[in-house]
Amino acid sequence: MAGSTFGSIFKVTTWGESHGKGVGVVVDGCPAGLALDEQTIQKYLNRRKPGQTRYSTPRKEEDLVEIQSGVFEGKTTGTPISLVVYNKTQRSKDYSEIAGYYRPGHADYTFDEKYGFRDYRGGGRSSGRETIGRVAAGAIAEEILKSLGIQVQAYTKSIGGIDIDETKASLDNIMKSPLYMPDLDASEKAELLLEQKMKEQDSAGGVIECIVRGMPAGIGEPVFEKLDANLAKAVMSIGAVKGVEIGDGFAVASAFGSDNNDSFVAAENGSIAKKTNHAGGILGGMSDGSDIILRAAIKPTPSIARQQQTVNRDGEDIEISIKGRHDPVIVPRAVVVVEAMSALCVLDMVLLGMTSRLDKIQEFWKRS
């Protein structure tokens with residue numbers, strides 16, 4: 001299987017299946033000297049692990065990470081970092097009957113068409129558990145970015161059409177909400193909606209917003225390796241994501257140039273700033289120094305207990321009711337995944353951007 005590796009300099013390769021022995025990631029290109037331990041990575045993994053609220057799958061997994069290489073005496077060595085999380089509560093029998101049919105909204109059919117074979121236990125490589133490796137690697141990327149003064153923060157913007165009120169939103173509320181919403185009133189309304197959907201044996205989707213603060217201007221490439229293009233690819237590679245927008249996104253289609261253009265102004269410190277940020281912090285594929293604002297549309301959980309129509313592997317029409325332990329909404333557990341993929345992309349492009357100007361290279365070597 002190709003396509004399990006992301007990045008050019010800060011390169012990550014995820015591995016493992018939902019019901020295999022474990023899942024994990026190899027991170028290559030991490031600079032030496034970063035303070036790193038399992039507790040630091042665990043904080044990120046705890047945000048996506050199952051069974052924490054009634055709105056996530058009841059599958060109980062501790063998702064404890066082990067660092068197997070690349071760290072010595074609490075600091076990265078510059079060599080590949082291998083991370084593993086062992087699966088401990090697989091119930092593969094819950095999935096035995098789906099071996100013979102294709103679940104609506106899942107990769108079962110396309111996987112069979114591509115490979116002629118699939119691991120039907122929880123979706124195998126197409127399972128949400130694959131994102132554990134992404135989050136573990138993203139934790140390392142975020143720690144490096146923090147050391148550079150760059151912060152990546154994601155949260156739930158909406159669930160089932162219930163949007164946060166920006167005037168009531170506070171980043172301090174994100175961890176107080178079981179849905180990771182910064183507006184607690186909107187969180188309560190969304191929780192009531194999910195209760196209703198659970199009774200109806202249905203699920204809901206939503207939108208995750210991610211903001212990157214502290215980005216310098218000029219990161220990204222002007223043609224095929226645009227920062228926004230690579231961010232979109234990074235986030236769209238998450239299984240549940242069906243759409244990505246930067247800044248005003250699709251709203252620009254109904255805007256006018258006089259409204260959509262961000263006017264430049266001279267800042268007090270002698271730098272250049274913008275009055276507004278309709279562009280979402282990226283112009284011409286390169287960061288413009290303002291906050292990068294990204295939103296990802298997350299589809300409803302496809303595994304629902306309500307009866308659905310599908311076909312079996314013999315091509316016969318059948319009706320199914322999916323059994324097993326499933327999230328009524330994917331959004332809250334995907335928040336940290338969107339954050340991780342954004343961090344991985346941003347860090348990789350920051351490292352790539354270090355060689356774009358000779359004067360900056362000369363300045364670096366003079367300091368060393």
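Whatever comes next refers back to the structure up there.
Fair warning: this is a prediction, and the values are worked out from it, not measured in the lab.

Enquirer: What is the right way to look at the overall build of the chain in this model?
Expert: Across its full length, the chain carries eight helices and 18 strands. Relative to the globule expectation of 21 Å for 368 residues, the C-alpha radius of gyration of the chain, 22 Å, shows essentially globular dimensions. Across its three principal directions, the C-alpha atoms of the chain cover 65 × 50 × 40 Å. Buried residues in the chain amount to 46% of all 368 residues. The long-range fraction of contacts in the chain, counting pairs at least 24 apart against all pairs at least 6 apart in sequence, stands at 69%.

Enquirer: Explanation requested: the sheet that holds strand β9 (residues 162-163) in the structure shown.
Expert: Working definition: the strands of a sheet are paired by backbone hydrogen bonds and lie parallel or antiparallel to each other. As summarised here, the arrangement of the five strands in space is β9-β8-β10-β16-β11, forming an open sheet in which the pairing is antiparallel. The open sheet has two edge strands with one neighbour each: β9 and β11 (241-246).

Enquirer: So what exactly am I meant to see when it comes to the pattern of salt bridges here?
Expert: Pairs may arise between side chains of opposite charge once their charged atoms sit close together. Within the structure shown, the criterion is met by 18 salt bridges. We note a salt bridge from Lys197 to Glu200, for which the minimum N-O separation is 3.1 Å. Take Lys197: its relative accessible area is 22%, and that puts it in the partly exposed class. Residue Glu245 pairs with Arg295 through a salt bridge whose shortest N-O separation is 2.7 Å. Here the residue Glu245 occupies a position in strand β11, and Arg295 occupies one in strand β16 (residues 292-298), the gap between them amounting to 50 residues. Three or more residues are tied together by salt bridges with common partners; here these are Lys157, Glu166, Glu209, Glu245 and Arg295.

Enquirer: When you look at the packing of aromatic side chains in this model, what are you seeing that I'm missing?
Expert: Here a ring pair, both rings aromatic, is described through the centre-centre distance and the interplanar angle of the planes. Enumeration according to the criterion identifies three aromatic pairs in this entry. Centre to centre, the rings of Phe111 and Tyr115 are 5.0 Å apart; their planes meet at 40°, and the pair counts as tilted. Residue Phe111 and its partner Tyr115 are located together in helix α2 (residues 108-115), separated by four residues, close to a single helical turn. The exposure class assigned to Phe111 is buried, which follows from its relative accessible area of 19%. Relative accessible area serves as the criterion here: at 37%, Tyr115 is assigned to the partly exposed category. Summarising the aromatic geometry, the rings of Phe364 and Trp365 are spaced 5.5 Å apart at their centres and angled 80° between planes, so their arrangement reads as edge-to-face. For Phe364, a relative accessible area of 41% gives the class partly exposed. What makes Trp365 exposed here is its relative accessible area of 59%.

Enquirer: Any chance you could explain the nonpolar core here in plain terms?
Expert: Across soluble globular proteins, nonpolar side chains have a tendency to be buried as a group. Ranked by internal contacts, the top residues of the largest apolar core, which has 76 residues, are Phe10, Val27, Ile41, Ile140 and Met215. Here this core gets 16 residues from one element, more than from any other, and that element is helix α7 (residues 331-353). Residue contacts for Val27: discarding those within four places in its chain leaves Phe10, Lys11, Val12, Thr79, Pro80, Ile81, Ala137 and Ile140.

Enquirer: Is there a simple way to think about the packing of helix α5 (residues 227-236) against α7 in this case?
Expert: What describes two packed helices is the angle between their axes and the distance between those same axes. At a minimum axis distance of 9 Å, the contact between α5 and α7 shows a crossing angle of 145°. Crossing hand, α5 versus α7: right-handed. Contacts from Leu227, Asn230, Leu231, Ala234 and Val235 of α5 reach α7 at Val338, Met341, Ser342, Cys345, Val346 and Met349. Of the residues belonging to the contact of α5 with α7, the class tally is nine nonpolar, two polar and no charged.

Enquirer: Mind showing me how you'd approach the environment of Glu38 here?
Expert: Note that Glu38 resides in helix α1 (residues 38-45). The class of Glu38 is partly exposed, set by a relative accessible area of 31%. For the pair Glu38 and Arg134, spaced 96 residues apart in sequence, the C-alpha to C-alpha distance is 15 Å. The residues contacting Glu38, other than those within four sequence positions of it, are Val65, Glu66 and Ile67.

Enquirer: Would you take a moment to explain the sheet that holds strand β3 (residues 22-28) for this structure?
Expert: Taken together, five strands build an open sheet; the order of strands is β1-β2-β3-β7-β4 and the sheet is antiparallel. At either end of the open sheet lies a strand with only one pairing partner, and these are β1 (5-6) and β4 (65-69). In the sheet, β1 pairs with strand β2 (residues 11-16) via two bridges, with the strands oriented antiparallel. Paired with Phe6 across the two strands is Val12, which belongs to β2. Against the sheet, α1 contacts β4 and β7 (81-86), and its axis sits at roughly 135° relative to β4.

Enquirer: Any chance you could explain a nonpolar patch on the surface here in plain terms?
Expert: A surface patch of nonpolar side chains, amounting to about 330 Å² of accessible area, comprises Phe264, Ile272 and Leu283. You can see Ile272 is positioned in strand β13 (residues 272-274).

Enquirer: What is the right way to read α5 from this model?
Expert: Residues three or four positions apart in an α-helix share a direction because the helix packs 3.6 residues into each turn. Every buried residue of α5 is listed here: Leu227, Asn230, Leu231, Ala234 and Val235. The arc that holds the buried residues of α5, viewed along the axis, is 130°, so those residues lie on one side.

Enquirer: What is the right way to read the side chain of Glu130 from this model?
Expert: If you trace the backbone, Glu130 turns up in the loop between α2 and α3 (131-147). Overall, the relative accessible area of 12% leaves Glu130 in the buried class. Engagement of the side chain of Glu130 in a polar contact is seen with the side chain of Arg134, the distance being 2.9 Å. Residues in contact with Glu130, not counting those within four places in the same chain, are Thr14 and Arg125.

What counts as what
Residues numbered from 1 in each chain as written. Predicted model: local features only at pLDDT ≥ 70, side-chain atom pairs only at ≥ 80, totals over all residues. Heavy atoms only, no water. Helix = DSSP H or I, 4+ residues; strand = E, 2+ residues; numbered from the N terminus. Rg over C-alpha atoms; globule rule 2.2 N^0.38 Å. Buried < 20%, exposed > 50% of the residue type's maximum accessible area, 1.4 Å probe, protein only. Contact = heavy atoms within 4.5 Å. Pairing = 2+ DSSP bridges. Salt bridge = Lys/Arg side-chain N within 4 Å of Asp/Glu carboxyl O. Phe/Tyr/Trp six-rings, centres within 6.5 Å; stacked < 30°, edge-to-face > 60°. Core = buried A, V, L, I, M, F, W, Y, C linked by side-chain atoms within 4.5 Å. Axes fitted to C-alpha atoms, helices over the stretch in contact; angles between N-to-C directions. Left-handed = near helix turned anticlockwise from the far one by under 90°. Nonpolar A, V, L, I, M, F, W, Y, C, P; charged D, E, K, R; others polar. Patch = residues over 30% accessible without salt bridge, like charges linked within 9 Å, V, L, I, M, F, W, Y side chains within 5 Å. Areas by Shrake-Rupley, 256 points an atom, 1.4 Å probe, with all protein chains shown as cover. Arc of directions from axis to C-beta. Polar contact = N/O pair within 3.5 Å; in protein donor to acceptor, adjacent residues only side chain to side chain.

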